[in-house]
Amino acid sequence: MTIQEAKKYVIKKIKASSASPELDADVLLQALLGKDKTFVLLNRDLGLLAEQESRLEEWSDARAQGLPVAYIIQKKEFYGLAFYVNQSVLIPKPDTEILVARAVEIISERITARSGGAAALSSTPKTGGPLFVCDMCTGSGCVALSVFRTLLDDERIPLDETPFFVLADISAAALDVAQKNARALLSSQELERVKFVQSNLFELVPQKFDIILSNPPYIPHDQARALLQDGRSEPLLALDGDVGARGDFSGSDDGLEVFRRLALEAKERLNPGGNFLCETGEYNAAAAAEFLRANGYVNVGIELDLEGQKRVVCARA
């Protein structure tokens, strides 16, 4: 079977279950061969090895059953970085990149303020020492690690002025994925500024932070279960926003039960003037923002995603 024949085979196999069968076929072939798109295009007559054909058949079967390509190849690009993913974590979504971009902007401003730079915002507390950032419900670690990697790549910010990060999640399996990504994206010296904690929200995270980031479960209870009927196999724990503190159904169906607990706990863990940035759904972002205002947060705002949908609520303690 040549590459061209293999592509036709995959498209035929998955076209009933995929909205983008040609793109999926290209991505699977690139992962199978360990080559880029140009190589696949220019080597259409190259024959596959028997083991490659067998693996491609397995992958095509999995995709035909609804399993996302990212889980099949165990990789997803996010914010210009390659992240390892498996079915213990959500697949990073482009919408979440606005959370990263806003976090980088705020943290950069606060670093400038701490060093007394002229560009510092007048409302930013000017205190010494490093910043401490928590990424709650970290999953694959894509949010915190993208933020950290971006700050590290900014030549204006020395390593010793970058924040310390705590990546927390209730799932040990998710933290394993986050740690694997951290080792792939950070040097041993950079890793010294990152800590991983398994915790039910802030239950086992007692310290205070300057910035708290989160992409928590925020899909309404019934809708979260309906989403999984297509075979996507994402973890329900990372989708259902109406789970109570002990893991039971809270009885609400607005997707904000986890957010409400998170916001209240975060307020207690933020230093004065600290920033809280949280992704939520376009259908409940306004309610999330109102909850923050009603519970003592200030400067509450909503950031729009790439499609103009309400996506991230931002506030200060």
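Residues numbered from 1 in each chain as written. Predicted model: local features only at pLDDT ≥ 70, side-chain atom pairs only at ≥ 80, totals over all residues. Heavy atoms only, no water.

Colleague: How should I be thinking about the nonpolar core in this particular structure?
Modeller: Most often, soluble globular proteins have nonpolar side chains that are buried together. Ile107, Val147, Phe165, Leu186, Leu213 and Leu277 are the most contacted members of the largest nonpolar core, which totals 33 residues. Broken down by secondary-structure element, the contributors of at least two residues to this core are strand 2 (81–83), helix 6 (97–114), helix 7 (142–152), strand 4 (164–169), helix 8 (172–185), strand 6 (209–214) and strand 9 (310–316). It is helix 7 that provides the largest number of residues to this core, a total of eight residues. If sequence neighbours within four positions are ignored, Leu277 has contacts with Leu99, Arg102, Ala103, Ile106, Ile211, Ile212, Leu213, Ser214, Val313 and Cys314. Phe209, Ala289, Phe291 and Ala315 belong to the second largest nonpolar core, which has 27 residues in total. (Core = buried A, V, L, I, M, F, W, Y, C linked by side-chain atoms within 4.5 Å. Buried < 20%, exposed > 50% of the residue type's maximum accessible area, 1.4 Å probe, protein only. Helix = DSSP H or I, 4+ residues; strand = E, 2+ residues; numbered from the N terminus. Contact = heavy atoms within 4.5 Å.)

Colleague: What should I look at first to understand the pairing of strand 6 in this one?
Modeller: Successive side chains on a regular strand alternate, one facing one side of the sheet and the next facing the other. Taken across its six residues, strand 6 has six buried, putting it largely inside the fold. Where strand 3 (residues 132–136) meets strand 6, four bridges bridge the pair, whose relative direction is parallel. Of the residues in strand 6, the one forming a bridge with Asp135 is Leu213. Pairing geometry for strand 6 and strand 7 (residues 270–279), over five bridges, is parallel. (Pairing = 2+ DSSP bridges.)

Colleague: I'm lost on the side chain of Arg269 in this one. Help?
Modeller: Take Arg269: it is sitting in helix 11 (residues 257–269). Here Arg269 sits buried without a salt bridge, and the closest side chain of opposite charge, Glu265, lies 5.3 Å off (N-O distance). What Arg269 contacts, discounting residues up to four positions off in sequence, is Phe202, Val205, Pro206, Gln207, Lys208, Phe209 and Ile212. (Lys, Arg positive; Asp, Glu negative; His and termini not counted. Salt bridge = Lys/Arg side-chain N within 4 Å of Asp/Glu carboxyl O.)

Colleague: Mind showing me how you'd approach the packing of aromatic side chains here?
Modeller: How two aromatic rings sit relative to each other is set out by the distance from centre to centre and by the angle between their planes. This structure, assessed with the given rule, holds seven aromatic pairs. Each ring, one from Phe78 and one from Phe83, has its centre 6.2 Å from the other, and the planes form 70°; the classification is edge-to-face. Each of the two residues, Phe78 as well as Phe83, counts as buried. On the numbers, 6.2 Å between centres and 65° between planes, the contact of Phe259 with Phe291 is edge-to-face. Of this pair, Phe259 sits in helix 11 while Phe291 sits in helix 12 (residues 285–294), placing them 32 residues apart in sequence. Take Phe259 and Phe291: they sit in the same class, and that class is buried. The rings of Phe259, Phe276, Phe291 and Tyr297 are connected pair by pair, giving a single aromatic cluster. Taking the ring centre of Phe39 as reference, the NZ or CZ of Lys35 above it sits at 5.1 Å. Over the ring of Tyr84 we find Lys180, and its NZ or CZ is 3.9 Å from the ring centre. (Phe/Tyr/Trp six-rings, centres within 6.5 Å; stacked < 30°, edge-to-face > 60°. Lys NZ or Arg CZ within 6 Å of the ring centre and 35° of its normal.)

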